[in-house]
Every structure is written in structure tokens, then in C-alpha cells.
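The residues making up each chain are set out below.
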Amino acid sequence: MTSPASSQPATTSGGSPDPGDRDVRDVPPASPGPTPAPDAAGPTIPTGPADLARPADAAEPAARLGGAVWLALGVVYVVWGSTYLGIRIAVETMPSFLSAAARFLTAGLVLVGYLLVRQGPAALRVSGRQLASAALVGVLLLTGGNGLVVLGETSVPSGLAALLVAAVPLWMVVLTSFGGERPGRAEIGGVLLGLVGLGVLSAPAIGGSVKPLGVVLVICATLTWAAGSFASKRIPMPGNVLTASAYQMLAGGLCDLLIGLVRGEQHGFDLAAVSGRSWLALAYLVLFGSLLAFTAYAWLLRSAPLTLVATYAYVNPVVAVLLGWLILAEPLTGPTLAGGSIVVAGVCLVVSVSRRPGRSAKAKPASARR
């Protein structure tokens with residue numbers, strides 16, 4: 001599917017069509033008239049769902065980031081921080097992968113319905129490559145990333161899980177280095193510092209107070225989430241952010257469902273035994289964690305530098321730890337506080353260096369390179 005940007009005539013800096021090979025002396029002076037509308041292929045500002053449905057092009061330099069980016073970041077910061085608590089409550093009486101499947105399939109179908117009503121079937125038309133790319137990113141983010149976190153939280157406190165997930169920006173530095181961008185000494189130091197923090201956070205598992213498998217699953221989730229975020233900026237994704245999000249959620253939800261069935265989670269599962277608070281937690285995850293925050297994250301991946309987007313890992317652990325302590329009475333142990341502080345310090349070091357002029361993501365999003 002060709003994005004609107006690719007079908008527009010070339011424009012000069014003033015927004016008028018490029019005269020190409022025509023002699024400029026043959027071009028009559030422009031007559032007075034109303035100021036032309038901004039180029040439709042330019043960056044979009046998400047003031048609502050309809051704005052998010054418009055294609056987003058290449059990431060803007062940090063100096064040109066507008067209020068919409070910071071608003072979207074705020075949503076991801078706070079809402080995703082609270083989803084760790086929501087997941088922890090949902091899996092109290094729901095199977096891990098089946099609950100994740102219910103979350104993403106419901107959210108994906110709601111997005112598909114919204115697009116059909118507001119924009120018609122054309123909004124869902126994408127090329128085979130774009131569909132395959134969206135499905136791949138959806139599986140990496142929502143099955144490998146979120147699904148493993150859901151499974152890990154059956155034995156790991158929500159605050160500890162969020163602190164482990166704070167390592168995502170560190171893996172992004174490693175991945176971007178494989179993509180040809182050589183990290184500086186400070187970034188390498190931040191990665192090493194973060195790995196030390198992960199080691200401290202893993203101490204409860206070594207001591208036996210937390211199941212080691214849960215910690216390993218959450219760490220694996222951070223790797224697959226970073227890989228999905230990295231890939232989304234380099235492969236041909238659908239130009240419509242809501243369309244891409246819908247296909248990602250459906251692909252991730254279907255994969256979660258398949259894994260849940262293979263694991264036998266349906267055996268002995270009784271809907272009547274699901275608690276009211278687990279249903280409320282699942283509804284919160286669908287409406288806020290998926291429809292609102294995940295769509296905002298998908299837009300940010302196209303509209304802001306990857307290292308800036310990754311700063312959500314600063315705030316998520318703080319929100320998750322506080323909510324887990326206040327609502328679920330999860331203990332704030334020494335290793336949790338010390339390891340979390342070290343990880344966040346490493347992430348701060350990485351992103352502070354990565355956001356310097358010239359260090360923002362150089363690659364255009366694949367949606368802008370079709």
C-alpha cells in the first residue's frame with residue numbers, strides 16, 4: 001500500500017510543486033490568494049484517535065519535538081507503569097497467555113471496528129510485506145515481550161518485573177550498535193551498569209525468595225520487546241498507525257492464544273471462578289494499556305527518536321513499584337531498591353548521551369521509505 005507521502009508531487013521548502021526541468025522564466029508569478037494548507041505528507045500531531053489514524057513519517061529531530069510527543073510519552077509513562085499491577089491482578093484467577101490473548105484480540109478487534117466505521121475498508125488495506133512486518137512486530141512485542149511478562153508475573157512481584165523491564169533501553173543500545181551506529185564509551189558504561197543492576201535485581205531469585213524462572217522470563221521479555229521496537233523502525237510497516245496497531249494486536253493475540261492452548265491453560269479453567277477484580281483488571285488493560293498506551297507507543301516509534309521513546313522505562317518502574325506497594329502490599333526489599341536504582345542510573349546515562357545533537361536515530365522509519 002502506498003502512503004500518501006509517496007503519491008504527492010515533490011515540493012520545495014515553500015510547499016509548492018518542484019518545477020523540475022521547466023525553465024523558471026516560464027513560470028508566471030503566483031497570484032495573491034489564501035495561504036496554502038500544510039503539506040499532508042508532513043508530521044502529524046495526535047490530538048485524538050482520528051489524528052493517530054493518519055500516517056506518521058520520519059522521526060523528527062529532538063529540537064523539533066512538539067507537545068504531542070510529550071503528551072504521548074506521558075500516557076506511556078503513567079499508564080504502562082500501572083499495567084504491571086493490572087497484569088498481576090488479572091493472573092490471580094486467569095491463565096497467563098489466555099488472559100493476554102483476550103486482552104489483545106479484544107483491543108485489536110475494537111480498533112478494526114473503529115477503522116471500518118470511521119474510514120471504511122480502505123483503511124485496512126496493506127501490502128503483503130506491510131502485513132507480515134506488522135505481524136512480526138506484534139509477535140515480538142505482545143507475545144515475546146508482554147506475554148513473557150504476564151507469565152513471569154505469576155511468580156514475580158509487579159514492581160520487580162517493572163524494574164527488570166527498565167533494561168529495555170540498554171538492549172536498544174546493543175541493537176542499534178549492530179545496526180551500524182557505534183555506541184560511545186558512556187553508552188557502553190551505561191549498558192554495563194544496567195547489567196550490574198539486573199544482577200542485583202536477580203539476587204532474590206538466587207536466594208530462593210523469588211522463583212528464578214520468573215526472573216529469566218521477564219529478562220527474555222525485555223530482549224524481545226527491544227527487538228520488536230528496533231525492527232518497527234526498519235521494516236515496511238503500514239502507514240496508518242491505528243491499522244498497524246490493530247494488526248500487531250491481532251497477531252500477538254493469536255500467538256498468545258496458540259501458546260496458551262498448547263500449554264493446556266484451558267484445562268480446568270472455569271470462567272465462573274474468575275474474580276471481579278481480575279475482570280476489572282483485564283478491562284483496564286484492554287482500554288488503557290492497549291487501546292490508549294500501545295497506540296501512543298506505536299505513534300511515538302515513528303515520530304520521536306528511539307532513545308527518547310525508550311525513556312518510558314524511567315517512569316514505569318517507579319509507578320509500578322509504588323502501586324504494588326500501596327495496593328498489593330508488595331515488599332520493598334533492599335535488592336529491589338538497590339538494583340532498580342542501578343538500572344535506572346544506567347538507563348539515564350545511556351539516554352542522556354543518546355539525545356545529544358547528532359545522536360538521534362538516523363534511520364528513517366520503514367513506512368517513510370516505501
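Residues numbered from 1 in each chain as written. Predicted model: local features only at pLDDT ≥ 70, side-chain atom pairs only at ≥ 80, totals over all residues. Heavy atoms only, no water.

Draft legend 1. Quick peek at the overall build of the protein chain. Secondary structure summary: the protein chain contains 15 helices and zero strands in total. Across the protein chain, the fraction of contacts at a sequence separation of at least 24, relative to all contacts at a separation of at least 6, is 90%. For the protein chain, the exposed area adds up to about 16,700 Å²; of that, 67% sits on carbon and sulfur atoms. (Helix = DSSP H or I, 4+ residues; strand = E, 2+ residues; numbered from the N terminus. Contact = heavy atoms within 4.5 Å. Areas by Shrake-Rupley, 256 points an atom, 1.4 Å probe, with all protein chains shown as cover.)

Draft legend 2. Here's a closer look at the side chain of Ser278. As for its position among the elements, Ser278 is in helix 12 (residues 276-303). There is a polar contact of 2.9 Å between the side chain of Ser278 and the backbone oxygen of Ile89. With residues near it in sequence (within four places) discarded, Ser278 still touches Ile89, Ala90, Glu92, Thr93 and Met94. (Polar contact = N/O pair within 3.5 Å; in protein donor to acceptor, adjacent residues only side chain to side chain.)

Draft legend 3. Just helix 6 (residues 158-165), in detail. Burial analysis of helix 6 places eight of its eight residues in the buried class, the great majority of the element. Within helix 6 the residues assigned to the buried category are Ser158, Gly159, Leu160, Ala161, Ala162, Leu163, Leu164 and Val165. (Buried < 20%, exposed > 50% of the residue type's maximum accessible area, 1.4 Å probe, protein only.)

Draft legend 4. Molecular detail of the confidence of the model for the protein chain. When pLDDT is averaged across the protein chain, the result is 76; 74% of the residues are at 70 or more. Considering only residues more than four positions removed or in separate chains, one finds that residues 1-63, a stretch of pLDDT under 50, has 75 contacts. For residues 359-370, every residue scores under 50 in pLDDT, and the model assigns this stretch 46 contacts once sequence neighbours within four places are set aside. (pLDDT = per-residue confidence, 0-100.)

Draft legend 5. Structural view of the packing of helix 7 (residues 168-178) against helix 10 (residues 212-232). Running from N to C, helix 7 and helix 10 point in directions that differ by 55°, and their axes come no closer than 9 Å. Our classification of the angle between helix 7 and helix 10 gives oblique. In this structure, the crossing between helix 7 and helix 10 has a hand that is right-handed. Contacts between helix 7 and helix 10 involve Val168, Trp171, Met172, Leu175 and Thr176 on the former and, on the latter, Thr222, Leu223, Trp225, Ala226, Ala227, Ser229 and Phe230. Classifying every residue of the contact of helix 7 with helix 10 by side-chain character gives nine nonpolar, three polar and no charged. (Axes fitted to C-alpha atoms, helices over the stretch in contact; angles between N-to-C directions. Parallel < 35°, antiparallel > 145°, perpendicular 65-115°, else oblique. Left-handed = near helix turned anticlockwise from the far one by under 90°. Nonpolar A, V, L, I, M, F, W, Y, C, P; charged D, E, K, R; others polar.)

Draft legend 6. Structural view of the packing of aromatic side chains. Tallied over the entire structure, the rule returns four aromatic pairs. Taking 5.6 Å as the distance between ring centres and 45° as the angle between the ring planes, the aromatic pair formed by Trp225 and Tyr297 counts as tilted. Taken together, the residues span a long stretch of sequence, with Trp225 in helix 10 and Tyr297 in helix 12 at a distance of 72 residues. Judged by its relative accessible area of 9%, Trp225 falls in the buried class. Exposure remark for Tyr297: the relative accessible area of 1% places this residue in the buried category. Taken together, Trp80, Trp225 and Tyr297 form an aromatic cluster joined through their ring pairs. (Phe/Tyr/Trp six-rings, centres within 6.5 Å; stacked < 30°, edge-to-face > 60°.)

Draft legend 7. How the structure looks around the nonpolar core. Membership of the largest hydrophobic core comes to 87 residues, with the highest contact counts inside it found for Trp80, Trp225, Tyr297, Leu300 and Tyr312. Of all the elements, helix 3 (residues 67-90) adds the most residues to this core, at 13 residues. Residues within four places of Trp80 in sequence aside, it is in contact with Val75, Trp225, Gly289, Ala293, Phe294, Tyr297, Tyr312 and Asn316. (Core = buried A, V, L, I, M, F, W, Y, C linked by side-chain atoms within 4.5 Å.)

Draft legend 8. Quick look at the environment of Pro335. Residue placement: Pro335 occurs in helix 15 (residues 334-354). Overall, Pro335 belongs to the partly exposed group, its relative accessible area being 30%. It is 9.5 Å that separates the C-alpha atoms of Pro335 and Gly199, two residues lying 136 residues apart in sequence.

Draft legend 9. Inspection of the environment of Pro212 at higher detail. Relative to the elements of secondary structure, Pro212 occurs in helix 10. Residue classification places Pro212 among the partly exposed residues on the basis of a relative accessible area of 47%.

Draft legend 10. Structural view of a nonpolar patch on the surface. There is a patch of nonpolar side chains on the surface, built from Val318, Leu322, Trp325, Leu326, Ile327, Leu332 and Leu337 and spanning about 680 Å² of accessible area. With five residues, helix 14 (residues 312-327) is the single largest residue contributor to the nonpolar patch. Structurally, Leu326 can be placed in helix 14. By relative accessible area, Leu326 is classed as exposed at 59%. (Patch = residues over 30% accessible without salt bridge, like charges linked within 9 Å, V, L, I, M, F, W, Y side chains within 5 Å. Salt bridge = Lys/Arg side-chain N within 4 Å of Asp/Glu carboxyl O.)

Draft legend 11. View of the pattern of salt bridges. Enumeration over the complete set of coordinates arrives at two salt bridges. Where Arg277 meets Glu92, a salt bridge forms, and the shortest distance between an N and an O atom there is 2.8 Å. Placement of the pair is Arg277 in helix 12 and Glu92 in the loop between helix 3 and helix 4 (96-119), with a sequence separation of 185 residues. By relative accessible area, which is 42% here, Arg277 ends up partly exposed.

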